[in-house]
Amino acid sequence: VRSPNHYSVQTSDYIYREKGIYISTNGSEPLFIIYYFYSGGATSSYLALPYQELLTDEYNYLVLSSKSSDRKYWSGLLLVGITNNTTVTIYPSIVLNIPQDTQNKSSINILVKPGENHTVILHRKQTLYLGKNISSDITGTRIVSDKPLTVIS
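Focus on the overall build of the protein chain
In step 1: When you go through the protein chain residue by residue, the secondary structure sums to zero helices and eleven strands.
In step 2: Going residue by residue from the N terminus, the α and β elements of the protein chain occur as β-β-β-β-β-β-β-β-β-β-β.
In step 3: Counting all 153 residues of the protein chain, 32% fall into the buried class.
In step 4: In the protein chain, the share of contacts with a sequence separation of at least 24, taken over all contacts with a separation of at least 6, comes to 71%.
In step 5: In the form shown here, the protein chain has an accessible surface area of approximately 9800 Å², with 50% of it arising from carbon and sulfur atoms.

Some points on the sheet that holds strand β3 (residues 59–62)
In step 1: The sheet built from four strands is open, its strands ordered β3-β10-β5-β8 with antiparallel pairing. Strands with a single pairing partner mark the edges of an open sheet, and in this sheet they are β3 and β8 (118–122). Looking at each pair of strands side by side, their axes are set apart by 25° on average, direction ignored.
In step 2: Across four bridges, the pairing between β3 and strand β10 (residues 142–145) is antiparallel. Of the residues in β10, the one forming a bridge with tyrosine 61 is isoleucine 143.

Looking at the environment of leucine 77
In step 1: Looking at where leucine 77 falls in the secondary structure, it is placed in strand β4 (residues 75–81).
In step 2: We classify leucine 77 as buried; its relative accessible area is 1%.
In step 3: C-alpha separation for the pair leucine 77 and serine 65, spaced twelve residues apart in sequence, amounts to 7.6 Å.
In step 4: Setting aside its immediate chain neighbours within four residues, leucine 77 contacts Val63, Leu128, Tyr129, Leu130, Ile138, Ile143, Val151, Ile152 and Ser153.

About the cut-offs
- Residues numbered from 1 in each chain as written.
- Predicted model: local features only at pLDDT ≥ 70, side-chain atom pairs only at ≥ 80, totals over all residues.
- Heavy atoms only, no water.
- Helix = DSSP H or I, 4+ residues; strand = E, 2+ residues; numbered from the N terminus.
- Buried < 20%, exposed > 50% of the residue type's maximum accessible area, 1.4 Å probe, protein only.
- Contact = heavy atoms within 4.5 Å.
- Areas by Shrake-Rupley, 256 points an atom, 1.4 Å probe, with all protein chains shown as cover.
- Pairing = 2+ DSSP bridges.
- Axes fitted to C-alpha atoms, helices over the stretch in contact; angles between N-to-C directions.

This is the structure:
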């Protein structure tokens, strides 16, 4: 299955908010997804596992990301909502620009520093990219949600 280029998420701007793709399978086998960077011919891939809703009211994710060796790509993460009205709290390890209101297209970005947090709402298939410039690494940023999320870093 090929997805069109317009599903690319490049920043945390509202124009990239509705970029999630829902994929389902008939079995419980994992799904292997490959995506391509078009600049420089680099490729990357990850294993997509079926999500499981656990008997919990809090899901915790810890970001592990790195700077690219060629300094072309940012250290970042992509959050994708699985269900509507998912409350997401972001605890950054470095200063991040985060939309104040992910549901308002005229929302401003705010600076959130280490030791602070910011809460947003994501709906099914909504995306939020969080990244920093090449010289920074967002490893250690913690994401807490009340429902499962897809988190790619």
